[in-house]
Amino acid sequence: MIKLHSGNVLPFARQSELDQMRPQLEAAHDLLHKGAGPGCEYLGWLDWPSDFDRAELARIRKAAAQIRRDSDVLVVIGIGGSYLGARAAIEMLGPGFPQLLSKRQRKAPLVLFAGNNLSPDYLAELLDVLADKKVSVNVISKSGTTTEPALAFRVFKRWMEDRYGKDGAKTRIYATTDRSRGVLRQLADTEGYETFVVPDDIGGRFSVLTAVGLLPIAVAGIDVRDMLRGARDGAKTWQKPDPDVNDCYAYAAWRNILLRKGYGVEIMVNYEPKLHMFTEWWKQLYGESEGKDGRGIFPAGVDNTTDLHSMGQYVQDGRRMLFETVLLSEQAGRAFEVPLDPENRDGLNFLAGQDFAQVNRQAAQGTVLAHVDGGVPNLQLSFPERSAYWFGQLVYFFELACAISGYLLAVNPFDQPGVENYKQNMYALLGKPGFEQRRAELEARLNGSERA
């Protein structure tokens, strides 16, 4: 079970404050489960672990098996929620250095990602890597017009057709998009690509357990049925709006209590490199869900113990505006013992014979205590092991806590109106028709700032 440990918050907040949050938690729970809150048209994820489309899952697994047979590499084209969840799962559960392994050693194609940036170097070097590989593509976009993935898919569509021919390419390109409308849906129908559905009632950052995430995750050889089972068991566990028995709701409550005390930055801390992309997925989930109307907690992340040697000083002694949520796996994937050095030149023979996992755990606990002494509240979330089951349960835990937390903040946790602002400026500066006046205004501002 995922467990919340909140003892290292109590020096900074009282248990009575959690008790006083009960009416607000109950109200947020009712808004969510009765579909009465803002954004209620995007609650499909809430019952998805039980109500997912079985036929669609069977097609996903069949397509994944086909890709595994005929491809060395699957290129996933998407941005934000269209790739972060899948990448988080694959990096959390797969080998640490997949690009250095053969397909036989990985027991799966290599999954690479495109369309999540506008770097020409990244795209060109990715194509260089694929020159002698058998490739399939999964393009993920509800509309088909988001700039980064749309441009990347333009490149890959031509590249695949040049390499495999029109007919060959269409058997290797898979589109995950809207059920019935949008540019990508129209293109997929015209070209004859196999398609999977982005549900209308599930937003991108909540979509990792749909076809958006499940197809690439299944291609990587991860049991997606077990992942859904973990999420389903989590949904059953966190049904009561009582923070004494519902750690998911308690997490949402404590972070809001800390925010009201002036702790406006939450740092997700992991002690395992394989959890780096999970932290990135979490950052998008909470950043897009809560950061609006001048409100919200700023989500950040560190990879310890690495970042103790870069960010550790600030966390320990910097401005007291942040709190930490430490994510710990109770079991490591492999055992690795500290060897004995007969000369003991580094003075570390007192660790000889101990497993690195034990050293890592003690480093984590020692760091937590030091940061608490330095004035940093700490929450700790532990889960039994890195597996498909627990990944699914972690995803659901944070999605549910995010929705409750958003309602506690009095924001709509399911929209992202601010995301469009940069796009409009970018389109104007690139000369998109219809944006001429905006372009003139922006260029005048840019020229003025350069002169200043």
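The rules we used
- Each chain has its residues counted from 1, running along the sequence as written.
- pLDDT decides what is reported in this predicted model: residues at 70 or higher carry local features, side-chain atom pairs at 80 or more are listed and counted, and totals for whole chains, interfaces and linings draw on all residues regardless.
- For side-chain calculations, the full set of non-hydrogen atoms in the structure is used, while hydrogens and water are omitted.
- At least two bridges found by DSSP between two strands is the condition for calling them paired.
- Put simply, DSSP marks the helices as runs of H or I at least four residues long and the strands as runs of E at least two long, and each gets a number from the N terminus on.
- For every element, the axis is a line fit to its C-alpha atoms; helices are fit only across the contacting stretch, and the angle between N-to-C directions ranges from 0 to 180 degrees.
- Working definition: roughly parallel below 35 degrees, roughly antiparallel above 145 degrees, roughly perpendicular at 65 to 115 degrees, and oblique for all remaining angles.
- Two helices that cross are described as forming a left-handed crossing if the nearer one is turned anticlockwise from the farther one by less than a right angle, and a right-handed crossing if clockwise.
- When checking whether two residues touch, look at their non-hydrogen atoms; a contact exists if any pair is within 4.5 Å.
- Each residue is assigned to one of three groups, with Ala, Val, Leu, Ile, Met, Phe, Trp, Tyr, Cys and Pro labelled nonpolar, Asp, Glu, Lys and Arg labelled charged, and all others, Gly among them, labelled polar.
- For salt bridges, the criterion is a side-chain nitrogen of Lys or Arg within 4 Å of an Asp or Glu carboxyl oxygen.
- Residue exposure (1.4 Å probe, protein chains only): buried if accessible area is under 20% of the type maximum, exposed if over 50%, otherwise partly exposed.
- The rule is short: rings of Phe, Tyr and Trp, with Trp giving its six-membered ring, pair when the centres are within 6.5 Å, and they are stacked under 30 degrees, edge-to-face over 60, tilted in between.
- Put simply, a charge is over a ring when the Lys NZ or the Arg CZ is close to the ring centre, within 6 Å, and near the line of the ring normal, within 35 degrees.

Asks: Even after reading the chapter, I still don't get the sheet that holds strand S1 (residues 3-5), so can you show me in this structure?
Replies: Strand pairing in a sheet takes place through backbone hydrogen bonds and is either antiparallel or parallel in direction. In spatial order, the strands read S1-S10-S9-S7-S8; together these 5 strands make up an open sheet with mixed pairing. With one partner strand each, in any of the chains shown, S1 and strand S8 (298-303) form the two edges of the open sheet. Each neighbouring strand pair of the sheet contributes to a mean axis angle of 20 degrees, computed without reference to strand direction. Across 6 bridges, the pairing between strand S9 (residues 322-329) and strand S10 (residues 378-383) is parallel. The partner of Val 326 across the bridge, within S10, is Gln 380.

Asks: Can you walk me through the packing of helix H5 (residues 84-93) against helix H13 (residues 276-290) in this structure?
Replies: The angle between the axes and the distance between the axes are what describe a pair of packed helices. Between H5 and H13, the shortest axis-to-axis distance is 8 Å and the interhelical angle comes to 155 degrees. Classed by the angle they form, the pair H5 and H13 counts as roughly antiparallel. Crossing of H5 over H13 shows left-handed handedness. Counting all contacts with H5, which are made through Leu 84, Gly 85, Arg 87, Ala 88 and Glu 91, the residues of H13 involved are Met 277, Phe 278, Glu 280, Trp 281 and Gln 284. Of the residues in the contact of H5 with H13, the class split is 5 nonpolar, 2 polar and 3 charged.

Asks: What should I look at first to understand the pattern of salt bridges in this one?
Replies: Oppositely charged side chains can form a pair if their charged atoms are brought close together. Taken as a whole, this structure holds 25 salt bridges when the rule is applied. Note that Lys 157 is salt-bridged to Glu 191, the shortest N-O span being 3.7 Å. Of this pair, Lys 157 sits in helix H8 (residues 147-170) while Glu 191 sits in helix H9 (residues 183-191); the two residues are 34 residues apart in sequence, bridging distant segments of the chain. As far as the burial class goes, Lys 157 and Glu 191 line up, both buried. Salt-bridge contacts for Glu 290 lead to Arg 255; the nearest nitrogen and oxygen are separated by 2.7 Å. Taken together, the residues span a long stretch of sequence, with Glu 290 in helix H13 and Arg 255 in helix H12 (residues 247-260) at a distance of 35 residues. The two residues Glu 290 and Arg 255 agree in class, both being buried. Residues participating in the shared-partner salt-bridge network are Asp 19, Arg 22, Asp 242 and Asp 244.

Asks: I tried to follow the sheet that holds strand S4 (residues 135-140) on my own but got confused; where do I start?
Replies: On the basis of which strands lie adjacent, the open sheet formed by 5 strands has the order S3-S2-S4-S5-S6 and parallel pairing. Looking along the sheet, the strands with just one partner apiece sit at the ends: strand S3 (110-114) and strand S6 (194-197). For this sheet, the mean inter-axis angle between neighbouring strands, taken without regard to orientation, is 20 degrees. Across 5 bridges, the pairing between strand S2 (residues 73-77) and S3 is parallel. Pairing of Val 73 across the sheet is with Leu 110, part of S3. Its contacts with the sheet put helix H7 (residues 120-129) on S2 and S3, and the angle it makes with S3 is roughly 150 degrees.

Asks: Would you mind going over unusual backbone geometry with me for this structure?
Replies: Of all residues except glycine, most have a negative phi; of all peptide bonds, most are trans. The linkage connecting Asn 304 with the following residue, Thr 305, adopts the cis geometry, with an omega of 10 degrees. Mapped onto the elements, Thr 305 comes out in the loop between S8 and helix H14 (312-317). Of note, the phi angle at Lys 107 is positive, near 65 degrees, even though the residue is not glycine. With respect to the helices and strands, Lys 107 occurs in the loop between helix H6 (103-106) and S3.

Asks: What is the right way to look at the packing of aromatic side chains in this model?
Replies: Each aromatic ring pair is characterised by the separation of its centres together with the angle its planes make. Scanning the model with the defined rule gives 23 aromatic pairs in all. Considering the side-chain rings of Phe 12 and Tyr 263, the 6.4 Å spacing of their centres and the 80 degrees angle between planes classify their relative orientation as edge-to-face. On the criterion of sequence distance, the pair formed by Phe 12 in the loop between S1 and helix H1 (15-20) and Tyr 263 in the loop between H12 and strand S7 (265-270) is long-range, its members being 251 residues apart. Look at Phe 12 and you get buried, because its relative accessible area is 19%. Centroid distance Phe 278 to Phe 391: 5.9 Å. Interplanar angle 80 degrees. Geometry classified as edge-to-face. Of this pair, Phe 278 sits in helix H13 while Phe 391 sits in helix H16 (residues 388-408); the two residues are 113 residues apart in sequence, bridging distant segments of the chain. A residue is classified by how much of its surface remains accessible, and Phe 278, at 0% relative accessible area, is buried. The ring of Tyr 164 carries the charged tip of Arg 172 above its face, separated from the ring centre by 4.5 Å.

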